[in-house]
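Fold and geometry: a report
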Amino acid sequence: MAGLTLYDKLWRSHLVLERDDGSALIYIDRHIVHEVTSPQAFEGLRLAGRKPWRVGSIVATPDHNVPTTSLERASGVEGIADPISKIQVKTLDENCDELGILEFKINDRRQGIVHVVGPETGACLPGMTIVCGDSHTSTNGALGALAFGIGTSEVEHVMATQCLVAKKMKNMLVQVDGELGAGVTPKDVVLAIIGEIGTAGGTGYAIEFGGEVFRSMSMEGRLTVCNMAIEAGARAGMVAVDEITLEYVKNKPFAPGAHWDLAVAEWRELHSDADATFDRVVRLDGGKIQPQVTWGTSPEMVLPVLGAVPNPDAESDPVKKTSIQRALEYMGLQAGQAITEIPVDKVFIGSCTNSRIEDIRSAAEIVKGRHKAASVALAMVVPGSGEVKAQAEAEGLDKIFREAGFEWREPGCSMCLAMNADRLEPGERCASTSNRNFEGRQGYGGRTHLVSPAMAAGAAIAGHFVDVRQFSATH
Amino acid sequence: MKSFTKITGLVAPMDRANVDTDLIIPKQFLKSIARTGFGANAFDELRYLDKGEPGKDNSSRPLNADFPLNHPRYQGATILLTRENFGCGSSREHAPWALDEFGFRCIIAPSFADIFFNNCFKNALLPVVLPAEVVSLLFNDMYACEGYQLTVDLQEQCVIRPDGQSYPFEVDAFRKHCLLHGLDDIGLTLQDAEHIKAYEAKRRVSAPWLFDTAY
Ligand code: SF4
């Protein structure tokens, strides 16, 4: 028998039942909940007279709708200025309190973006099946877990039954060997992958990220990469467990205590067997990856920083051609324009992709001793969680940003999707470390360019995109 | 749940690839804690010329005359015809809720994003995958003929053109069964509660840390 992939193993160990029609029931170990996609699920449970199957499997925190200014945050939920957002956050609190669900409330130090909080607290662990009503749940796959986003009906389903009706996905291996150049970050790697396979390239697959680049990548870098698996169309992305994983998980507040050795023995099996077969294999040369910048309105519209905006006339496929035209128009760009000539109005460093301590350190390194360009109206740093914020402050990073003219905010999703007050105005252009550059994503009419934290920091200083590799060298 | 068996209805275009769920229902409407009320703001940024906000009176907003779903000929459409990778991006089930409330019962595309595809079935909104060439052909038909209708038959798993030509599509046996009979997923799964308990009991022994409630 052929060997098993990591995904095969995770699937097997969570299979409750296989039905004749090919569907299966899989057991869910961890359910993460936030305020936006859960209210209708809680309501559904209540209407049907059902209770959560296993309350202890659920961890909640508000993130999408919470304000990020310290002024608004000072008085907790009551301080949320937007009345509709306030109701939503309050509803989460009430639902969790009523059912006895562990929730990191708005001003708990452990509050933050769901996908930052899960790994950081140890609520999400290797070998688990992890779901959340949020597509970027794929982030947690970096731990060697099967993690994916679900809709609100499924949130209700998992609460009521601890299971999901699922169909096995296909296996894809994205293998990146070689060594990354200086100034090239995990964000650049994943953007380059999406540029290669496209935003629908991973549809129907679970992606395993393998090869030298990921083996030597930090856990936080792996979280960044798996975060954007969904932008490649894959519901789940994952990395095999190794010493880096175990080192990361150890001593996390909710990591197994008494059962540590037993857990590690199981986790050490969480890698694809040498003779495992994948339905699709994609290989990239890590040494060739350059810092990336998206120029369009889909994450696959991405280029190396030294590239130039494409010309729609060079595209023969009519659907693609119109996509390029529409994107250029929306983004206010000219065909052939050099990426480094594009000026930015705002800079956002944050989101579940790039708001962990390593991201903040890497941006701070570029910013240190410099000042944001006068033409940049706002540069903001939004840590992914209260823990990240506290750690950054302990290292004095907040000061570096403040001295450089950046705003240092309270944790939350913030301008990644602009549900709170942090947003772009129509026509404004943003260098953003988030994961989606869709039309209107960061605010009605706003224009988003996705980049790494270092590249965002560089753009804030220069006032336009720069190749951070040269940027660092000149100072 | 509502059921879906067979419909014949007016077809409307959403002629672009990679339509994401932010475009289907913009984030400011996700603040609602209700399951309804999203239809009025489906495709808000394309439908109106100004920025929509929850609670705003849509009847006084300027309509985008270039947006096909605003054209008289597509009013009352129940089938949405679109391009590759429809429903990509955020997992928000508000997207199918909005489309359903807008009046669509079926979406035809060459491909869908996984989470959206799944969410559709939970709301009796049938996503149908047809080959890209067939979708292009249907687009041409539809543009050429005002009042263009298609029939979508879930039992027979086919889309039928007015001239009788039929195109088969695939659908999961389990999903088909649930949709045809309007079955509640949760109720079905709970019929297997004994299996779930047995699985749990085994895991408690082999992986006890998963059940620690240290917090
Ligand atoms: S940071 Fe952005 S992508 Fe991540 S969970 Fe929040 S809104 Fe979603």
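Fair warning: this is a prediction, and the values are worked out from it, not measured in the lab.

1. Considering the overall build of chain B
Of the regular secondary structure elements, chain B holds 8 helices and 7 strands. In terms of overall dimensions, chain B has a C-alpha envelope of 65 × 45 × 25 Å along the principal axes. Counting contacts in chain B only where the partners sit at least 6 residues apart, residues at least 24 apart contribute 64% of the total. The average position of the 22 basic charges and that of the 28 acidic charges among the side chains of chain B differ by 4 Å.

2. As for the pattern of salt bridges
On inspection of all chains with the given rule, the structure shows 45 salt bridges over all chains. For Glu231 of chain A, the salt bridge goes to Arg436 of chain A, with nearest N and O atoms at 2.6 Å. Residue Glu231 of chain A is found in the loop between helix H9 (219-227) and strand E11 (236-238), and its partner Arg436 of chain A is found in the loop between strand E18 (429-432) and strand E19 (447-450); the two are separated by 205 residues along the sequence. On the basis of relative accessibility, which here comes to 3%, the residue Glu231 of chain A falls in the buried class. Put simply, Arg92 of chain B and Asp22 of chain B hold a salt bridge, and the shortest N to O gap is 3.5 Å. Taken as a pair, Arg92 of chain B in the loop between strand E2 (79-82) and helix H3 (94-102) and Asp22 of chain B in helix H1 (residues 21-24) lie far apart in primary sequence, 70 residues in all. Taken individually, Arg92 of chain B and Asp22 of chain B each receive the classification buried, so the pair is uniform in this respect.

3. A short note on the sheet that holds strand E5 (residues 149-153) of chain B
Residues and elements named next belong to chain B. With mixed pairing, 7 strands are arranged side by side in an open sheet as E4-E3-E2-E1-E5-E6-E7. Among the strands making up the open sheet, the edge pair consists of strand E4 (126-129) and strand E7 (166-168). This sheet shows a mean twist of 30° between the axes of neighbouring strands, independent of strand direction. Here helix H4 (residues 114-121) sits on the sheet and contacts strand E3 (106-109) and E4; the angle it forms with E4, its principal contact strand, is near 130°.

4. What about the side chain of His157 of chain A?
As for its placement among the helices and strands, His157 of chain A is situated in helix H6 (residues 152-161). A polar contact is formed between the side chain of His157 of chain A and the backbone oxygen of Cys163 of chain A, at a distance of 2.8 Å. In this structure, His157 of chain A is in contact with Gln162, Cys163, Leu164 and Val165 of chain A together with Asp185, Ile186 and Thr189 of chain B, ignoring residues within four places of it in sequence.

5. Things to note about the site of the ligand
All residues adjacent to the ligand are His64, Ile113, His115, Asp134, His136, Ser351, Cys352, Cys413, Cys416, Leu417, Asn435 and Arg441 of chain A. Taken together, the residues of the shell around the ligand break down into 5 nonpolar, 5 polar and 2 charged.

6. With respect to the pairing of strand E1 (residues 15-18) of chain A
Residue and element names in this part refer to chain A. The pairing of E1 with strand E2 (residues 24-27) spans 3 bridges and is classified as antiparallel. Of the residues in E2, the one forming a bridge with Leu15 is Ile26. The loop that links E1 with its antiparallel partner E2 comprises 5 residues; one of these, Gly22, has a positive phi angle of about 90°.

7. Describing the pairing of strand E6 (residues 129-132) of chain A
All names here are of chain A. Where burial is concerned, the two faces of E6 agree: the one with Thr129 and Val131 and the one with Ile130 and Cys132 are both buried. Pairing geometry for strand E3 (residues 30-33) and E6, over 3 bridges, is parallel. Each bridged residue has a counterpart across the sheet, and for Arg30 the counterpart in E6 is Ile130. The sheet contact formed by E6 and strand E7 (residues 146-149) spans 4 bridges and is parallel. Looking at E7, one finds that Ile130 is bridged to Ala147.

8. Looking at the nonpolar core
Grouped together as the largest cluster of nonpolar side chains are 113 residues, with contacts concentrated most on Phe43 and Phe86 of chain B. Considering each element in turn, this core owes the most residues, 7 residues, to helix H16 (residues 453-462) of chain A. Setting aside residues up to four positions removed in sequence, Phe43 of chain B forms contacts with Met14, Val19, Leu23, Ile24, Phe67, Leu69, Leu80, Phe86 and Leu99 of chain B.

9. With respect to the interface of chain A and chain B
Taken together, the contact pairs 79 residues of chain A with 65 residues of chain B. Between chain A and chain B lies a buried interface of about 6000 Å² when both sides are counted; carbon and sulfur atoms form 58% of it. Here chain A is connected to chain B by 8 salt bridges. Note that Glu266 of chain A and Arg203 of chain B form a salt bridge whose closest N and O atoms lie 3.6 Å from each other. Where chain A meets chain B, there are 29 residue pairs in polar contact (both at pLDDT 80 or more). Every element with two or more residues in the side of chain A that touches chain B is listed here: E1, E2, helix H2 (39-48), helix H4 (83-99), H6, strand E8 (163-166), helix H11 (260-267) and helix H12 (318-331) of chain A. No other element matches H6 of chain A, which puts 7 residues into the side of chain A that touches chain B. Partitioned by chemical class, the residues of the side of chain A that touches chain B number 32 nonpolar, 28 polar and 19 charged.

10. Describing the sheet that holds E1 of chain A
Residue and element names in this part refer to chain A. Reading across from one edge, E1-E2-E8 is the order of the 3 strands in this open sheet, with antiparallel pairing throughout. Both edges of this open sheet fall to E1 and E8, since each of them pairs with a single strand only. Each adjacent strand pair in this sheet contributes to an overall mean axis angle of 20°, direction not counted. Sheet topology note: the E2/E8 ladder contains 4 bridges and is antiparallel. Each bridged residue has a counterpart across the sheet, and for Ile26 the counterpart in E8 is Leu164. Together, E1, E2 and E8 form the strand contacts of helix H1 (residues 6-13), whose direction differs from that of E1 by roughly 80°.

11. Looking at the confidence of the model for chain B
A residue-level look at chain B finds 99% of positions with pLDDT of 70 or above and a mean pLDDT of 95. This prediction of the complex comes with two scores: 0.95 for pTM and 0.93 for ipTM.

Reading the values: the criteria
- Residues numbered from 1 in each chain as written.
- Chains lettered and ligands numbered in written order.
- Predicted model: local features only at pLDDT ≥ 70, side-chain atom pairs only at ≥ 80, totals over all residues.
- Heavy atoms only, no water.
- Helix = DSSP H or I, 4+ residues; strand = E, 2+ residues; numbered from the N terminus.
- Contact = heavy atoms within 4.5 Å.
- Lys, Arg positive; Asp, Glu negative; His and termini not counted.
- Charge placed at Lys NZ, Arg CZ, Asp CG, Glu CD.
- Salt bridge = Lys/Arg side-chain N within 4 Å of Asp/Glu carboxyl O.
- Buried < 20%, exposed > 50% of the residue type's maximum accessible area, 1.4 Å probe, protein only.
- Pairing = 2+ DSSP bridges.
- Axes fitted to C-alpha atoms, helices over the stretch in contact; angles between N-to-C directions.
- Polar contact = N/O pair within 3.5 Å; in protein donor to acceptor, adjacent residues only side chain to side chain.
- Near = heavy atom within 4 Å.
- Nonpolar A, V, L, I, M, F, W, Y, C, P; charged D, E, K, R; others polar.
- Core = buried A, V, L, I, M, F, W, Y, C linked by side-chain atoms within 4.5 Å.
- Buried area = accessible area lost by both parts, 1.4 Å probe.
- pLDDT = per-residue confidence, 0-100.

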